[in-house]
Amino acid sequence: MLKDLFIPNARPHRSVFLTMVGGQVLLLLLLWLFYPLQLFPTLGEVLGSFKELVTSQGLIQELWASLTTALGALAIATVLALAISYLTALPFFRPIAYAASKMRYLTLTGLTFFMALMVSNGHQVKLSVLVFGATVYLVTGMTSVILTTTQEEMDHARTLGMSEWRSFYEVVVLGKLDEMLEVVRQNFAIIWTMITLVETLYQSEGGIGLLLYKQNRYLHLAGVVAIQLVILATGALQDYTFEFLRRLFFPYSDLTTAK
Amino acid sequence: MADHSYKDSILALRDVSMQFKGEVVLRDISLDVRDVVRPGVSQGQVVGFYGRSGIGKSVLCRIIAGLLPPSTGTVQVGTPARPVCPGDVGFVQQRYPLFDHRTLLDNLLVAAERKHAPAEAKARAEDYLARFDLAPHRRKYPAMLSGGQRQRAAIAQQLLCSEHLIILDEPFSGLDIAMIDEVKKIIMEVTLLDELNTVVIVSHDLATTTALADTLWLLAPERDAAGQCLPGATVNKKHQYNLAEMGLAWQPGIQAKPEFVQLIEHLKDEIRHS
């Protein structure tokens, strides 16, 4: 039973696997509890700091503000990236997708400066930077998915008498929607990286990024760790939600995956 | 001579050549498939299509299916004859592609709705599900089907929206003997559905395919008077076999006949030396 945990591609019993995960988490907590270096805050300090952040600094409200901004940006970026990626079917639009993909190398600080000149208020700057940043990453992932389309797949649709647009819709749009959702899930993390930076630059609206910045600034390491763990947990929950949505809407998606 | 006659043209290739970046792949191919009529029997046509690996069979199939325009020449289908368009000829590729995001029933419906109104399409899809023994699997996704079920589904999907021509690329490849019998049964069923139905079988399984066919094509390079290979493969007159005329078509147990065995040996020699 236990030896299954060390055999490549083995499928250990669920209870064995859960026990192993529980053991690993416990080991991590014990290491943390008895960690000899004072540089890293103790578990008690982090828990205390978390309580203080929730009760007196509005951690939940700040998290909610950041989360809604992030989700709004992701929704807009997803629509934009899908449109740009699908338009690569037309040769005219391919340079746009190529350029959009390469723009992920632009630095965030330079970008916020230009955005600030273009839009009217702090929230708009924040949102537009996030949308821009997420879009360029999403376009990269989505065009990669589109490029996996094979001649056989397109020929199959054409032999059924479908026009080029209908074939594209059937094979690329409908056929790869589950993979597009996976691209969105994978790239949602980049929004969290950006939002903490952007909220630091535009402090008027608060957000968990600003909270993190303040904890950093005053060397409240326990607070920093507590906020990072909250972000980590939120991200894990997001991942789980996306996985759930994928299984719900695209039940065929995992059928060919090696178990 | 067999008791049969020929009527309308179903498929006609005239001087078809194909080049890719200056390299001649196919050269001057002219072929015909006509409706073969046997008194008292309503049966379509079966063409066996042979050739060495990589010689251009798939390219010719794509040209016949209207998926690839030839560099020169024409492909005409139907009665009256018209230039082939994608969708006129069904093409079941080697890995039996289906839409993985649709259930089996949806896969058939999406094909049937290309040709028929929704109610009619539904009835036809249901009919094919029953006919091809797929009805219990209607709600399954393609990834949940066995190889044989997937193949039957792919053939049914193409039949639902193509006219009368269907190309099967390597339908016997990798199948056990029971599955081969099943595929043979399906092919016979397809030809029995309509007098004009024509199945082109691209295969390396000479015995199985020849036993089903009434016509054979062998794609091979030609040699000039000096014995040098000419660029591009073709199906010359010598390599177009009318099995009906040869008395080797539509006979149960044909594989045991000495003439049949001789023909298979001859085909093997021709392929080896091509």
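All figures in this text were calculated on a predicted structure; none of them were measured in a lab.

## Regarding the overall build of chain A
Looking only at helices and strands, chain A features eleven helices and zero strands. When the helices and strands of chain A are listed from N to C terminus, the series reads α-α-α-α-α-α-α-α-α-α-α. A principal-axis box enclosing the C-alpha atoms of chain A has dimensions of 70 × 60 × 25 Å. The buried share of chain A, reckoned over its 259 residues, is 32%. By sequence separation, contacts in chain A at least 24 residues apart represent 69% of the contacts at least 6 residues apart.

## Focus: the nonpolar core
Core analysis: the biggest nonpolar cluster contains 114 residues, and A:Leu130, B:Ile64, B:Leu108, B:Ile167 and B:Ile201 have the highest contact counts within it. It is helix α6 (residues 122-147) of chain A that contributes the most residues to this core, twelve residues altogether. No fewer than three residues from each of domain 1 (5-88 + 163-272) and domain 2 (99-161) of chain B sit in this core. Beyond its immediate chain neighbours, meaning those up to four positions away, A:Leu130 contacts A:Thr69, A:Ala70, A:Ala73, A:Ile191, A:Met194, A:Ile195 and A:Val198. Counting 15 residues, the second-largest nonpolar core is a separate cluster that includes A:Leu211, A:Val224, A:Ile227 and A:Val230.

## Comments concerning helix α2 (residues 43-56) of chain A
All names here are of chain A. Helix length check: α2, at 14 residues, gives a terminal C-alpha distance of 20 Å against a target of 20 Å (1.5 Å per residue), a fit within 8%. Those residues of α2 that are buried are in contact with α3 (59-86) and α11 (221-249). Positive backbone phi, at 65°, marks glycine 58, one or two positions downstream of α2.

## Let's talk about the confidence of the model for chain B
Chain-level pLDDT for chain B is 92 on average; 99% of the residues reach the 70-or-more range. ipTM for the predicted complex: 0.87, alongside a pTM of 0.84.

## Here we look at the interface of chain B and chain A
Many analyses report the size of an interface as the accessible area lost when the parts associate. With 20 residues of chain B at the contact, the number on the chain A side is 14 residues. Counting only elements with at least two residues in the side of chain B that touches chain A, the list comes to β6 (89-92) and α4 (147-161) of chain B. Looking at which element gives the most residues to the side of chain B that touches chain A, the answer is α4(B), with three residues. Of the residues that constitute the side of chain B that touches chain A, the class distribution is eleven nonpolar, six polar and three charged.

## Considering the domain arrangement of chain B
Residue and element names in this part refer to chain B. One can read the domain layout of chain B as domain 1 (5-88 + 163-272) and domain 2 (99-161). Computed from C-alpha atoms alone, the centre-to-centre distance between domain 1 and domain 2 is 26 Å. Between domain 1 and domain 2, the residue contacts involve eight residues of the former and nine residues of the latter. For the side of domain 1 that touches domain 2, the element with the highest residue contribution is helix α5 (residues 177-193), accounting for five residues. Broken down by class, the residue content of the side of domain 1 that touches domain 2 amounts to six nonpolar, one polar and one charged.

## Points about the UniProt feature "domain: ABC transmembrane type-1" (unreviewed entry) in chain A
In this numbering, the UniProt entry assigns the feature "domain: ABC transmembrane type-1" (unreviewed entry) to residues 63-242 of chain A. Along residues 63-242 of chain A the backbone is 82% helical and 0% strand, and the end-to-end C-alpha distance reaches 19 Å.

## Considerations on the pairing of strand β10 (residues 229-234) of chain B
Bridging between strand β9 (residues 215-223) of chain B and β10(B) involves three bridges; their strand directions are antiparallel. Across the sheet, the residue bridging to B:Ala220 is B:Thr234, located in β10(B).

## A word on the UniProt feature "transmembrane region" (unreviewed entry) in chain A
Residues and elements named next belong to chain A. When the UniProt feature table is mapped onto this chain, "transmembrane region" (unreviewed entry) is found at residues 16-35, 63-93, 105-123, 129-148 and 218-237. The span residues 16-35 shows a helical share of 90% and a strand share of 0%, and its end C-alpha atoms are spaced 28 Å apart. Span residues 218-237 is 85% helix and 0% strand, its end C-alpha atoms 29 Å apart.

## Things to note about helix α1 (residues 57-64) of chain B
Residues and elements named next belong to chain B. The buried fraction of α1 amounts to six of the eight residues, a majority that puts the element mostly inside the structure. Taken together, the buried positions of α1 are Lys57, Leu60, Cys61, Arg62, Ile63 and Ile64. Taken from the residues just after α1, glycine 66 is the one with a positive phi, measuring 75°.

## Here we look at the UniProt feature "domain: ABC transporter" (unreviewed entry) in chain B
Per the UniProt entry, the sites bearing "domain: ABC transporter" (unreviewed entry) are residues 11-246 of chain B in this numbering. Note that residues 11-246 of chain B is 31% helix and 31% strand, and that its end C-alpha atoms are spaced 21 Å apart.

## Description of the environment of B:Phe20
Its place among the elements puts B:Phe20 in strand β1 (residues 5-20). Put simply, B:Phe20 and B:Asn242 are 222 residues apart on the chain and 31 Å apart in space, counted from C-alpha to C-alpha.

## Quick notes on the packing of α2(A) against α11(A)
Residues and elements named next belong to chain A. For the pair α2 and α11, interaxial distance at closest approach is 8 Å and the crossing angle is 75°. Judged on the interaxial angle alone, α11 and α2 are roughly perpendicular. For the pair α2 and α11, contact is made by Glu45, Val46, Gly48, Ser49, Phe50 and Leu53 and by Ala222, Gly223, Val225, Ala226 and Ile227, respectively. Considered class by class, the residues forming the contact of α2 with α11 number seven nonpolar, three polar and one charged.

## Comments concerning the packing of α6(A) against helix α9 (residues 177-201) of chain A
Packed helices, taken two at a time, are described by the angle between their axes plus the distance between the axes. Residues and elements named next belong to chain A. Two elements in contact, α6 and α9, have axes separated by 9 Å at closest approach and are oriented at 150°. Taken together, the axes of α6 and α9 lie roughly antiparallel to each other. Crossing hand, α6 versus α9: right-handed. On α9, the residues that touch Lys126, Val129, Leu130, Gly133, Ala134, Tyr137, Leu138, Gly141, Met142 and Val145 of α6 are Glu179, Met180, Val183, Val184, Gln186, Asn187, Ile190, Ile191, Met194, Ile195, Val198 and Glu199. Partitioning the contact of α6 with α9 into residue classes produces 15 nonpolar, four polar and three charged.

Each value, and the rule that gives it
- The written sequence of each chain sets the order in which its residues are numbered from 1.
- As a convention, the first chain written is A and the first ligand written is 1, with the rest following in written order.
- Selection of residues for local features in this predicted model requires a pLDDT of at least 70, selection of side-chain atom pairs for listing and counting requires 80 or more, and totals for whole chains, interfaces and linings are taken over all residues.
- Secondary structure is summarised from DSSP: a helix means a run of H or I of at least four residues, a strand means a run of E of at least two, and numbering begins at the N terminus for each.
- Our exposure labels follow a C-beta count within 10 Å of each residue's own C-beta, placed from the backbone: buried means 20 or more other C-beta atoms, exposed means 12 or fewer, and partly exposed covers the counts in between.
- We call two residues in contact when the distance between their C-beta atoms, placed using the backbone, is within 7 Å.
- We define a nonpolar core as a collection of buried residues of the types Ala, Val, Leu, Ile, Met, Phe, Trp, Tyr and Cys that are connected via C-beta atoms lying within 7 Å of each other.
- Note: domain ranges come from an automatic or database domain assignment.
- Residue count minus one, scaled by 1.5 Å, sets the expected span of a helix.
- Predictor confidence is given residue by residue as pLDDT, running from a minimum of 0 to a maximum of 100.
- Residues are sorted three ways: Asp, Glu, Lys and Arg are charged, Ala, Val, Leu, Ile, Met, Phe, Trp, Tyr, Cys and Pro are nonpolar, and all the rest, Gly among them, are polar.
- UniProt positions are given in the numbering used here, feature names are shortened, and annotations may be inferred rather than shown by experiment.
- A strand pair is defined by DSSP finding two or more bridges across the two strands.
- Note on geometry: axes are C-alpha line fits, over the in-contact stretch for helices, and angles between N-to-C directions span 0 to 180 degrees.
- By the definition adopted for this analysis, an angle is roughly parallel if under 35 degrees, roughly antiparallel if over 145, roughly perpendicular if from 65 to 115, and oblique otherwise.
- Each crossing gets its handedness from the near helix: less than a right angle anticlockwise from the far helix is left-handed, clockwise is right-handed.

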